[in-house]
Amino acid sequence: MLARQRQELILEEVRRTGAVQVSDLVQRLGVSDMTIRRDLDALARRGLVEKVYGGATSGLRRSTDEPGFEANAVRQLAEKEAIARLAAQQVRPGTAIGLSAGTTTWTLARHLDDIADLTVVTNSVRVADALQRPGRSDRTVVLTGGVRTPSDALVGPVAVQALRSLHLDLVFLGVHGMAPRAGFTTPNLNESETSRALARAANQLIVLADSSKWETVGISTIVEFSEADLLITDTGLPEEARQQLSEHVEVVLAETDAVDQEGGQANDG
C-alpha cells in the first residue's frame, strides 16, 4: 500500500471516530510503528490531524465540535492525572459527591478507591463503571439516566429531572473550554443544561480543566467563572490566564509529570 493510500485510510478513521492509536494502526495496516508515525507526521503538517500521546486526533476547534470519549482520553494524560490526584484530596469519607461526564472526571473516579463510604452521582456510564468494585458495600453509585452523547454523557430531561432534587457536598465539573466572557463551556447544548443542573446541586463546585482548555469556547456556557468555588488546573496555564481567573475563582495548580510523546510533551485539544 502506498503512503498516500495509508494516510487516506488513517484520515478517514480519525474523521469517523475522532482518534486513532498507533498500535491499532500497526495491526490494521500491517506496517511498522515508525511508518505509522511518519504518516501521522505528514497528516499533522497538513493540519489534518493533531498528534497526541500514542496516536492522533481530529484538530477541529469549532464551538460545536464534540470529540468522542476515546478522542479525549488520549489527550493531556499527565495533566489529567495530576489534576485528578489533587481533586481526590478534596473528597472526605462519608460525603455525597457529583461527577460530571468527561475524561478528567473519569480519571478522578479511578483515584477514589481509598475513600470510604461515598455516595457518587454521575451522568456518565464510563464514570459509573470506573467507580464500581465487586464486593464493596460502602459505595453507592447513582446514574442519572438520559440520552447518550458522543462524549458518553447522559443528558436531557430525564437526567435534569434526576438532578433537580439532589443536594451534594461536592460536585466536580469537567468542561470543554474556559474563556473570558464565555466562562466554562461545552459544545453540546443538552449537556450544558444537564451539567448546569448538576452544578446547582453542589454545596461546593470544583471545576477540573487542564490548561489546554484556556481560550477554547464551546457553544454553551455551563457556569460563569464566579459560580465555581475552585478551579483545579495544571502549571501549563499561562500567567495572564491565572490572573484573569483568580479575579473570579480560587485557582489551584497541579504539578504534572513529564509524558514522553515521541520526544516531547503530550498535546491536547
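What comes next concerns the included structure. In this text the structure is predicted, and so the values were computed from the model without any measurement. (Residues numbered from 1 in each chain as written. Predicted model: local features only at pLDDT ≥ 70, side-chain atom pairs only at ≥ 80, totals over all residues. Heavy atoms only, no water.)

### Digging into the overall build of the protein
Link 1 in the chain: Counting its secondary structure elements, the protein contains 10 helices and 15 strands.
Link 2 in the chain: Per-residue burial for the protein yields a buried fraction of 52% across its 269 residues.
Link 3 in the chain: Counting only contacts in the protein whose residues sit at least 6 apart along the sequence, the fraction spanning at least 24 positions is 62%.
Link 4 in the chain: For the protein, the exposed surface amounts to about 12400 Å²; the carbon and sulfur share of it is 46%. (Helix = DSSP H or I, 4+ residues; strand = E, 2+ residues; numbered from the N terminus. Buried < 20%, exposed > 50% of the residue type's maximum accessible area, 1.4 Å probe, protein only. Contact = heavy atoms within 4.5 Å. Areas by Shrake-Rupley, 256 points an atom, 1.4 Å probe, with all protein chains shown as cover.)

### Comments concerning unusual backbone geometry
Link 1 in the chain: Even without a glycine there, the phi angle at Asp 117 is positive, about 55°.
Link 2 in the chain: Tracing the backbone through its elements, the reader meets Asp 117 in the loop between helix 6 (103-109) and strand 5 (118-122).
Link 3 in the chain: In this model, Glu 215 sits at a positive phi of 65°, which is unusual for a non-glycine residue.

### Regarding the sheet that holds strand 2 (residues 50-52)
The strands making up a sheet associate through hydrogen bonds between their backbones, and the pairing can be parallel or antiparallel.
Link 1 in the chain: Reading across the sheet, the 3 strands line up as 1-3-2 and stay open at both edges, with antiparallel pairing between neighbours. The open sheet terminates on both sides in strands that have one partner only, identified here as strand 1 (19-21) and strand 2. Neighbour to neighbour, the strand axes of the sheet diverge by 25° on average, direction disregarded.
Link 2 in the chain: As defined by bridge partners, strand 1 adjoins strand 3 (residues 55-57) across 3 bridges and the pair is classed as antiparallel. When the bridges of strand 3 are listed, Gln 21 appears paired with Gly 55.
Link 3 in the chain: Packing of helix 1 (residues 3-17) onto the sheet brings it into contact with strand 1 and strand 3, and relative to strand 1 it is tilted by some 125°. (Pairing = 2+ DSSP bridges. Axes fitted to C-alpha atoms, helices over the stretch in contact; angles between N-to-C directions.)

### Side note on the pattern of salt bridges
Link 1 in the chain: Taken as a whole and assessed by the stated rule, the structure comprises 8 salt bridges.
Link 2 in the chain: In the salt-bridge network here, residues are joined through shared partners; they are Arg 126, Arg 148 and Asp 152. (Salt bridge = Lys/Arg side-chain N within 4 Å of Asp/Glu carboxyl O.)

### Focus on the packing of helix 1 against helix 3 (residues 33-45)
Link 1 in the chain: One way to put it is that helix 1 packs onto helix 3 with a least axis distance of 10 Å and a crossing angle of 75°. Here helix 1 is positioned roughly perpendicular relative to helix 3, judged by the angle of their axes. Where helix 1 approaches helix 3, its residues Ala 3, Arg 6, Gln 7, Ile 10 and Leu 11 are matched on the opposing element by Thr 35, Ile 36, Asp 39, Leu 40, Ala 42 and Leu 43.
Link 2 in the chain: For the contact of helix 1 with helix 3, the per-class residue count stands at 7 nonpolar, 2 polar and 2 charged. (Parallel < 35°, antiparallel > 145°, perpendicular 65-115°, else oblique. Nonpolar A, V, L, I, M, F, W, Y, C, P; charged D, E, K, R; others polar.)

### Quick word on helix 1
Structural remark: α-helix, 3.6 residues per turn; residues separated by three or four positions point the same way.
Link 1 in the chain: For helix 1, with 15 residues, the first-to-last C-alpha span of 21 Å sits near the 21 Å given by 1.5 Å per residue.
Link 2 in the chain: The complete set of buried residues in helix 1 reads Arg 6, Gln 7, Ile 10, Leu 11, Glu 13 and Val 14. The buried residues of helix 1 occupy an angular sector of 160° when the element is viewed end-on, so they sit on one face. Residues Arg 4, Glu 12, Arg 15 and Arg 16 are exposed on helix 1 and point more than 90 degrees away from its buried face. (Expected span 1.5 Å × (residues − 1). Arc of directions from axis to C-beta.)

### A look at the sheet that holds strand 11 (residues 183-186)
Link 1 in the chain: Here 3 strands make up an open sheet; going across it, the order is 10-11-13 and the pairing antiparallel. Strands at the two margins of the open sheet, each flanked by one partner only, are strand 10 (177-179) and strand 13 (220-223). Within the sheet, the average angular offset between the axes of one strand and its neighbour, ignoring direction, is 45°.
Link 2 in the chain: Bridge count between strand 11 and strand 13: 3 bridges; the pairing is antiparallel. Opposite Thr 185, over in strand 13, you have Thr 221 as the bridge partner.
Link 3 in the chain: Contacts between helix 9 (residues 189-200) and the sheet are confined to strand 11 and strand 13, with strand 13 contributing the most and set at about 10° to the helix.

### Concerning the nonpolar core
Link 1 in the chain: With 28 residues, the main nonpolar core has Met 178, Phe 184, Leu 205, Val 207, Leu 231 and Leu 245 as its most contacted residues.
Link 2 in the chain: Mapped by element, the contributors of at least two residues to this core are helix 8 (157-164), strand 9 (168-174), helix 9, strand 12 (202-208), strand 13 and helix 10 (239-246).
Link 3 in the chain: Discounting chain neighbours no more than four positions away, the residues touching Leu 245 are Met 178, Trp 214, Phe 225, Leu 231, Leu 237 and Val 251. (Core = buried A, V, L, I, M, F, W, Y, C linked by side-chain atoms within 4.5 Å.)

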